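Below, each chain spelled out in residue letters.
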Amino acid sequence: MWETYLYIISSLITYIFYFISCQANQVKSSSDMELKGAQDSFAFLKAAGLAIAVFISDRHRSIAKWIREQEPQTEHFFDIWHVAKSVTKKLLQVGKESGCELLVKWQKAIKNHLHWCATSTKLGFGVLILAKWKSIIRHVCNKHNHHPDPLFKQCVHGVLSRRYWLKKGELYSSFLIHLISSKQYCYVSYTIHFLLCL
């Protein structure tokens, strides 16, 4: 009876949010708790006969590696809250350096831009998200059209109020280009919109 019932439900369910408790004494260190929780979640759902097409977690590297190596049929996405927190943290950290103070004034706008890139793009258009994400490099320098990516040639906002615009070629500008263009955040910006469509 249970197996039949579960089969019927699984054909109707699109998303499952599964939470599991894990204690530090079940693993060798507290940093291993998240991986153990992910592994236990997979085991429980697979035992119930469910295939896991998509798994969403924070940016824990051991989970990403485990899914990549042990569960290659599962797509792994990072949740946008953790990604935005990481970008903000890096901007605030570099903003403490001499000559990079202006980045602190832009951290909220850059975080909002990350969310906008994800929420304003239809599912399946990851390359457009990436083009929008990279446009922030020109936007913060008060350049709102002629972006290099043909998928997103100009900003879509209206008239802007006075801002502390960054200058291309300055130290903070170099850091921002490195951050926005890094493989880690390009991958993240390419995939995070999926999470907001749930």
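What comes next concerns the included structure. On a predicted model such as this, the values are computed, not experimentally measured, just so you know.

**Some thoughts on a positive patch on the surface**
Where like charges cluster on the molecular surface, the positive patch consists of Arg-61, Lys-85, Lys-89 and Lys-90. Here the element with the most residues in the positive patch is helix α4 (residues 80–94); it accounts for three residues. Structurally, Lys-90 can be placed in helix α4. Take Lys-90: its relative accessible area is 31%, and that puts it in the partly exposed class.

**Structural notes on the side chain of Ser-57**
Relative to the helices and strands, Ser-57 is located in strand β1 (residues 54–57). Residue Ser-57 is classed as buried on the basis of its relative accessible area of 9%. Looking at Ser-57, its side chain comes within polar contact range of the side chain of His-76, at 2.6 Å. When residues no more than four places from it in sequence are discounted, the contact partners of Ser-57 are Ile-63, His-76, Phe-77, Phe-78 and Asp-79.

**A word on the side chain of Glu-71**
On the secondary structure map, Glu-71 appears in the loop between α3 (61–70) and β2 (75–78). Residue Glu-71 is classed as buried on the basis of its relative accessible area, which comes to 8%. Looking at Glu-71, its side chain comes within polar contact range of the side chain of Lys-46, at 2.5 Å. Once residues lying within four places of it in the same chain are set aside, the contact partners of Glu-71 are Phe-42, Lys-46 and Trp-66.

Criteria and cut-off values
- Residue positions are given per chain, counting from 1 as you read along its sequence in written order.
- Thresholds applied to this predicted model are a pLDDT of at least 70 for local features of residues and 80 or more for the giving and counting of side-chain atom pairs; totals over whole chains, interfaces and linings are not thresholded and use all residues.
- The basis for every side-chain value is the complete set of heavy atoms in the structure, and neither hydrogens nor water enter the calculation.
- Residues qualify for a patch when their relative accessible area is over 30% and they have no salt bridge, like charges being joined within 9 Å and the nonpolar side chains of Val, Leu, Ile, Met, Phe, Trp and Tyr within 5 Å.
- Residue exposure ignores everything except the shown protein chains as possible cover, and the areas themselves are Shrake-Rupley values with a 1.4 Å probe.
- A pairing counts as a salt bridge when a side-chain nitrogen of Lys or Arg comes within 4 Å of a carboxyl oxygen of Asp or Glu.
- Residues scored as charged are limited to Lys and Arg (positive) and Asp and Glu (negative), so that His and the chain ends carry no count.
- A single reference atom marks each charge: NZ on Lys, CZ on Arg, CG on Asp, CD on Glu.
- Secondary structure elements are defined from DSSP: runs of H or I of at least 4 residues count as helices, runs of E of at least 2 residues count as strands, and each element is numbered from the N terminus.
- When a residue's accessible area, from a 1.4 Å probe over protein chains only, is under 20% of the maximum for its type it is buried; when over 50% it is exposed; and in between it is partly exposed.
- Pairing of N or O atoms within 3.5 Å defines a polar contact, subject to two protein rules: one partner must be a possible hydrogen donor and the other a possible acceptor, and residues neighboring in sequence count only if both atoms are side-chain atoms.
- Only heavy atoms matter for contacts: two residues are in contact if any of them lie within 4.5 Å across the pair.

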